[in-house]
Amino acid sequence: MNSATPSVNPGSSGSSGSNRSDGRRGRWDDHREQRRAELTAAAIEAIRQHGPDVGMGAIAAHAGVSKPVLYRYFADKSALWLAVGQQAGATLLEAMVPAVAAVREERAVVAAAIDVYLAHIEADLNLYRFVVHQPDIARHRDVVADVMDTVASGLARIFGDRLRARGLDSGAALPWAYGVVGYVQSVGDWWLRQQQPISREALGDYLTTFLWSGIAGMRRAADIPGGLAAHEGWARDQ
């Protein structure tokens with residue numbers, strides 16, 4: 001090739017332009033996600049300060065933006081509810097996982113999970129009510145159910161490991177886990193709606209005692225020929 005002739009890379013101009021465009025789009029997407037996270041955090045603070053019925057105007061004012069700017073990132077209150085609920089759920093799980101991991105004795109695992117949950121909803125009552133009790137929100141995705149799914153899945157793994165370790169069928173693990181999560185969530189909701197008629201410690205002990213009576217049946221079932229099915233028959237005869 002003649003040295004005076006410039007080297008030509010077919011499509012190089014278009015490729016460079018595409019890369020620049022992709023880079024700008026990536027930076028904009030990152031900026032948008034960061035801004036959404038900041039506005040979600042501001043919304044949570046507004047909910048804590050003004051209560052679960054806070055309007056979009058008050059949330060925008062708390063965030064230091066106009067309502068049109070807030071709507072640029074969240075199409076409506078349902079979209080904001082979803083973002084707030086996802087963040088609230090992530091915060092709950094961040095607290096629960098290390099608390100449960102720190103204990104080894106089986107009853108203590110149940111007690112730790114219950115105490116973290118009750119402490120969390122007690123300390124953040126307005127946020128809990130915003131996420132759980134919003135009758136006018138169009139729930140295209142239910143973040144409460146998402147969090148329950150995550151917690152129940154983790155609990156099911158614990159139950160499954162315990163059942164298999166005792167030579168029992170682990171098929172009961174998932175329905176048991178959902179039953180435990182639903183029970184604790186339902187009782188916790190009653191407790192808050194009734195303005196905490198008993199202490200958190202007492203309620204946690206009541207729930208742990210009740211649930212542990214069922215979970216401890218795994219050990220008894222492992223000692224009975226036939227396992228869980230035989231144990232259930234034995235329990236009905238008592």
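Residues numbered from 1 in each chain as written. Predicted model: local features only at pLDDT ≥ 70, side-chain atom pairs only at ≥ 80, totals over all residues. Heavy atoms only, no water.

## Re the overall build of the protein chain
Here is step 1 of the chain: Scanning the protein chain from terminus to terminus reveals eleven helices and zero strands.
Here is step 2 of the chain: Residue pairs in contact within the protein chain that sit at least 24 positions apart in sequence constitute 64% of those at least 6 positions apart.
Here is step 3 of the chain: In the structure as shown, the protein chain presents an accessible area of about 13,500 Å², 53% of it carried by carbon and sulfur atoms. (Helix = DSSP H or I, 4+ residues; strand = E, 2+ residues; numbered from the N terminus. Contact = heavy atoms within 4.5 Å. Areas by Shrake-Rupley, 256 points an atom, 1.4 Å probe, with all protein chains shown as cover.)

## Comments concerning the environment of R141
Here is step 1 of the chain: Counting through the fold element by element, R141 comes out in the loop between helix 6 (125-132) and helix 7 (143-165).
Here is step 2 of the chain: Classification of R141 by relative accessible area gives partly exposed; the value is 45%.
Here is step 3 of the chain: On a C-alpha basis, the gap between R141 and A79 in space is 9.7 Å, while along the polypeptide they are 62 residues apart. (Buried < 20%, exposed > 50% of the residue type's maximum accessible area, 1.4 Å probe, protein only.)

## Let's talk about helix 4 (residues 77-101)
Here is step 1 of the chain: When the terminal C-alpha atoms of helix 4 are compared, their 36 Å separation across 25 residues agrees well with the 36 Å that a helix rising 1.5 Å per residue should span.
Here is step 2 of the chain: Buried within helix 4 we find S78, L80, W81, A83, V84, G85, A88, G89, L92, L93, M96 and V100.
Here is step 3 of the chain: Sitting at the head of helix 4, D76 places a side-chain oxygen 3.1 Å from the backbone nitrogen of S78. (Expected span 1.5 Å × (residues − 1). Polar contact = N/O pair within 3.5 Å; in protein donor to acceptor, adjacent residues only side chain to side chain.)

## Focus on the pattern of salt bridges
Here is step 1 of the chain: Summed over all chains, the structure comprises eight salt bridges.
Here is step 2 of the chain: Note that R48 is salt-bridged to D124, the shortest N-O span being 2.7 Å. Taken together, the residues span a long stretch of sequence, with R48 in helix 1 (residues 12-50) and D124 in the loop between helix 5 (106-123) and helix 6 at a distance of 76 residues.
Here is step 3 of the chain: In this structure, the salt-bridge partner of R200 is E122, at a minimum N-O distance of 3.2 Å. Placement of the pair is R200 in helix 9 (residues 200-215) and E122 in helix 5, with a sequence separation of 78 residues. (Salt bridge = Lys/Arg side-chain N within 4 Å of Asp/Glu carboxyl O.)

## Here's the deal with the side chain of Q134
Here is step 1 of the chain: Position of Q134 relative to the elements: it lies in the loop between helix 6 and helix 7.
Here is step 2 of the chain: Here Q134 falls in the buried class, since its relative accessible area comes to 9%.
Here is step 3 of the chain: With residues near it in sequence (within four places) discarded, Q134 still touches P52, K77, W81, R129 and R139.

## Concerning the confidence of the model for the protein chain
Here is step 1 of the chain: Per-residue pLDDT for the protein chain has a mean of 81; in total, 79% of the residues score no lower than 70.
Here is step 2 of the chain: Of all secondary-structure elements in the protein chain, the lowest mean pLDDT belongs to helix 11 (residues 227-237), at 47, while helix 2 (residues 56-63) reaches the highest, 95.
Here is step 3 of the chain: For the stretch residues 233-238, pLDDT sits under 50, and the model shows two contacts to residues farther than four places along the chain or on other chains. (pLDDT = per-residue confidence, 0-100.)

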